[in-house]
Amino acid sequence: MKNIFIAILLAGFCSLHAQNFKAYQFYDQKGKEIKIEKLVKELADYDVVFFGENHNNSINHWLQLKITETLYEKKNGQIILGAEMFERDNQSQLNQYLSGKFDAKTLKDSARLWNNFTTDYKPLVDFAKAKKLSFIATNIPRKYASQTAKEGLESLNNLTEKEKVYIAQLPIKVTLDTPGYPEMKTMMGDHADGTKVMNFISAQATKDATMAESIMKNLQTGKTFIHYNGNYHSKEFGGIYWYIKQKNPNLKMAVISVFESEDPKLKVPEKEYKPTNFNLIIPSDMTKTY
């Protein structure tokens, strides 16, 4: 009886093991699987790489760190980091942490860090610190994006010149030709007030345009700028990517988009899948950081 019980346990374990669970899978734009080594080799040829993320996905953040480390080695240290999660007016505090003048507590107390900074973004910042890399706070201060959502894009004209330094140069072009923005309009419904809809989209545009400008201002010849942002800010070659293209169409840029899937084999999704240069498929039940 005991032997039968052990046999059942082993059979169950073998069956579980045979499923060969996958934590992630990358695909190129044509739907072909791509290994990390080849992915990094290709990324090294780009001026700008947008690494999209689902903000609370643990494997997404781990891959950002590991690919950044590998790209650093491939490029002999010739990379620049930047992120949506840091706002322009906190660049000084971030720089002081990178230089060792601030410890982690002082940074936390003096800058507007996201709640998941310690688990999800600090490893990237600490890598930049250890390797003496630039880490650019690219995003608009949230109060100005919030102001745009409430009062409209024109309200930014009333800011002081000192405040405008933290925003992309005005006027910021807002158009539904930007990939992703029509989807935002649809999400708000047909009965939503037209002005409120455009203010909401304009707030998104202030973020995208400011991040685009921040990246362009900090580009260096021969270096790859890798930017970490929510997937929506670069998916379908929209958002930040679109704004940079309007200013510099010859810049070589790549987008890594992320998709969650319930398929244990993590095949290319059949629905709602619009691939970019590289596409990360991750399990929908992957551990969340919040």
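Criteria and thresholds
Residues numbered from 1 in each chain as written. Predicted model: local features only at pLDDT ≥ 70, side-chain atom pairs only at ≥ 80, totals over all residues. Heavy atoms only, no water. Helix = DSSP H or I, 4+ residues; strand = E, 2+ residues; numbered from the N terminus. Buried < 20%, exposed > 50% of the residue type's maximum accessible area, 1.4 Å probe, protein only. Phe/Tyr/Trp six-rings, centres within 6.5 Å; stacked < 30°, edge-to-face > 60°. Lys NZ or Arg CZ within 6 Å of the ring centre and 35° of its normal. Contact = heavy atoms within 4.5 Å. Axes fitted to C-alpha atoms, helices over the stretch in contact; angles between N-to-C directions. Parallel < 35°, antiparallel > 145°, perpendicular 65-115°, else oblique. Left-handed = near helix turned anticlockwise from the far one by under 90°.

Moving on: the environment of Tyr 24. Relative to the elements of secondary structure, Tyr 24 occurs in the loop between α1 (2-18) and β1 (25-28). Overall, Tyr 24 belongs to the partly exposed group, its relative accessible area being 27%. It is 9.2 Å that separates the C-alpha atoms of Tyr 24 and Leu 63, two residues lying 39 residues apart in sequence.

Attention now goes to the packing of aromatic side chains. In this structure the tally under the stated criterion is 10 aromatic pairs. Relative to Tyr 243, the ring of Trp 242 has its centre 5.0 Å away and its plane inclined at 85°; by these criteria the two rings are edge-to-face. The class for Tyr 243 is buried, based on a relative accessible area of 8%. Grouping aromatic residues by their ring pairs yields a cluster made of Phe 86, Phe 117, Phe 135 and Tyr 228. The residue whose ring lies beneath Lys 129 is Tyr 97, and the NZ or CZ to ring-centre distance is 4.4 Å. The residue whose ring lies beneath Lys 252 is Tyr 46, and the NZ or CZ to ring-centre distance is 4.9 Å.

Turning to helix α11 (residues 239-247), a few remarks are in order. Listed as buried for α11 are Gly 239, Ile 240, Tyr 241, Trp 242, Tyr 243 and Ile 244. Along its buried surface, α11 packs onto β2 (48-53), α9 (181-187), α10 (194-217), β5 (224-230) and β6 (253-261).

At a closest axis distance of 10 Å, the pairing of helix α2 (residues 36-43) and helix α3 (residues 58-74) adopts a crossing angle of 60°. In terms of orientation, α2 lies oblique with respect to α3. Regarding α2 and α3, the two cross each other, and that crossing is right-handed. Residues Ile 36, Leu 39, Val 40, Lys 41 and Leu 43 of α2 touch α3, and the partners they reach there are Ile 67, Thr 70, Leu 71 and Lys 74.

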